[in-house]
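An overview of the molecular structure
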Amino acid sequence: MDFRHELVLPNEDLPFRLFVFEGKDGSYKVSKHWHRSVEIFLVLEGSIDFYIDSSLYRLGQEQFILVNSNEVHSIDCPKPNFTLVLQIPRGLFDAYIGDVDHLLFSRSCQKDEALACLIRRMQKAYEQRQTGYLLQILSDFYQIMYLLVTDYRILEVDEERKRQNRNLDRLSKITNYIQVNYREDLTLEGVAHIFGFSPAYLSKMFQKYAGINYKTYVSDLRTQAGYRLLMNTKMPVGEIAMECGFPDSRSFAKAFRRRFGAPPAEYRKSRLESNKDKKVT
């Protein structure tokens, strides 16, 4: 899959997502993807290489980058780092500014002590969870939103960018639906009908904006779900195949082998043996 849509889920007790980047130990890559949330990466220690479309941004200590809604991006961090990530659902801006569908911020790699201080303080409060911590976090969060719309917003958005946003928004809604209903029978014709498109138009949309055909996208999504069950449960391979929406175990095995290089049962066995060896060592 060339790039994928990511469904961003907020923290359970917050209207946004705040977390420490999972690639902190280095030797980590995040493949091309996009989402409808506005995203800020703030590097506190080390460095990471950040790609937006075809442009490379090298982030060093105390630098951050802002990713706009629907921008395709990827990350490469060969070395250890400590990076905070703030993901803001675009809908949170709805009540405060107009034309949120064309919301765009400056994304150049830069330093902003005020913004960095707010994000660091939010993360510290979230970890310590002292009395009133949610009030402090929300106060800092809305201050960040204020800085974004007053200091970073780009008011003139070209028509090409608006058109791309509209199309990716449509595709995001469709991929969200598929991610929720991947266990069901998701024919191209059926999903196209649900969203009011012709099958040919939906197929072209996936090919152009997701870099993959519809059938492969659904298969890859089901394979990822199967991988999680394979690694975290003792379910038989046949049951996993049916649970994840595959018509039979053979089709699951074929898709799994294409993605992971080995049949499911063989892959599970090798990983279990590898984990046992690590425990003995």
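Overview of the structure. Treat the numbers as computed from the prediction; the structure is a model and nothing was measured.

Here we come to helix H5 (residues 199–209). All of the buried residues along H5 are Leu 202, Met 205, Phe 206 and Tyr 209. Burial along H5 is one-sided: seen end-on, the buried residues are contained in an arc of 100 degrees. Exposed positions of H5 whose direction lies more than 90 degrees from the buried face are Lys 204 and Lys 208. Considering only its buried residues, H5 is in contact with strand E3 (28–34), helix H3 (159–180), helix H4 (188–194) and helix H6 (214–232).

Moving on, we come to the pairing of strand E7 (residues 64–67). In E7, alternate side chains face the same way, and those of Phe 64 and Leu 66 on one face and Ile 65 and Val 67 on the other are all buried. Sheet topology places strand E4 (residues 37–46) next to E7; four bridges connect them, and they run antiparallel. Residue pairing across strands places Phe 41 opposite Ile 65, the latter belonging to E7.

The subject of this paragraph is the side chain of Asn 11. Summarising the element assignment, Asn 11 is placed in the loop between strand E1 (4–5) and strand E2 (17–20). On the basis of relative accessible area, Asn 11 is assigned to the buried category, the value being 13%. In terms of polar contacts, Asn 11 uses its side chain to reach the side chain of Tyr 126, at 3.3 Å. Setting aside its immediate chain neighbours within four residues, Asn 11 contacts Phe 16, Arg 17, Leu 18 and Tyr 126.

We now examine the packing of aromatic side chains. Counted under the stated rule, the structure contains 20 aromatic pairs. Here a set of aromatic residues connected by ring pairs shows up, and it is made of Tyr 227, Phe 246, Phe 252, Phe 256, Phe 260 and Tyr 267. The ring centre of Phe 19 lies 3.8 Å from the NZ or CZ of Arg 17, which sits over that ring. Taking the ring centre of Tyr 126 as reference, the NZ or CZ of Arg 129 above it sits at 4.3 Å.

Okay, the pairing of strand E8 (residues 73–77) next. Counted residue by residue, E8 has four buried out of five residues, so it is predominantly covered. Pairing of E3 with E8 involves four bridges; the strand directions are antiparallel. Note that in E8 the partner of Tyr 28 across the bridge is Cys 77. Across four bridges, strand E5 (residues 48–52) lies against E8 in antiparallel orientation.

Let us now look at the nonpolar core. Counting residues in each nonpolar core, the largest one holds 31 residues, and the members touching the most others are Ile 40, Leu 86, Phe 93 and Leu 148. Elements that contribute at least two residues to this core include exactly E4, E7, strand E9 (81–89), helix H1 (113–128) and helix H2 (133–152). Among the elements that line this core, the one with the most residues is H2, at eight residues. With residues up to four places along the chain from it excluded, the contact list for Ile 40 reads Phe 64, Ile 65, Leu 66, Leu 84, Val 85, Leu 86, Leu 115, Ile 119, Ile 144 and Leu 148. Membership of the second largest hydrophobic core comes to 19 residues, among which are Leu 168, Ile 174, Tyr 209 and Ala 210.

Attention now moves to the sheet that holds E4. Taken in spatial order, the four strands of this open sheet run E2-E9-E4-E7, and their pairing is antiparallel. The outermost strands of the open sheet, each flanked by one partner alone, are E2 and E7. Here the average twist between neighbouring strands, direction ignored, is 15 degrees. Strands E2, E4, E7 and E9 of the sheet are contacted by H1, whose axis makes an angle of about 90 degrees with E4.

By volume, the second largest pocket amounts to about 410 Å³. Looking at the second largest pocket, it is lined by 17 residues, and the ones nearest its centre are Lys 215, Ser 219, Arg 222, Phe 246 and Ser 251. Of all the secondary-structure elements, those providing two or more residues to the lining of the second largest pocket are H6 and helix H8 (249–260). With six residues, H6 is the largest single contributor of residues to the lining of the second largest pocket. Across the lining of the second largest pocket, the residue classes tally to six nonpolar, six polar and five charged.

What counts, and at which threshold
Residues numbered from 1 in each chain as written. Predicted model: local features only at pLDDT ≥ 70, side-chain atom pairs only at ≥ 80, totals over all residues. Heavy atoms only, no water. Buried < 20%, exposed > 50% of the residue type's maximum accessible area, 1.4 Å probe, protein only. Helix = DSSP H or I, 4+ residues; strand = E, 2+ residues; numbered from the N terminus. Arc of directions from axis to C-beta. Contact = heavy atoms within 4.5 Å. Pairing = 2+ DSSP bridges. Polar contact = N/O pair within 3.5 Å; in protein donor to acceptor, adjacent residues only side chain to side chain. Phe/Tyr/Trp six-rings, centres within 6.5 Å; stacked < 30°, edge-to-face > 60°. Lys NZ or Arg CZ within 6 Å of the ring centre and 35° of its normal. Core = buried A, V, L, I, M, F, W, Y, C linked by side-chain atoms within 4.5 Å. Axes fitted to C-alpha atoms, helices over the stretch in contact; angles between N-to-C directions. 1 Å grid on protein atoms, 1.4 Å probe; cavity = no way out; pocket = protein on both sides within 12 Å on 5 of 7 lines; lining within 4 Å. Points joined across faces, edges and corners; volume = space filled by probe spheres on them. Nonpolar A, V, L, I, M, F, W, Y, C, P; charged D, E, K, R; others polar.

Worth remembering: the numbers are spatial, not functional.
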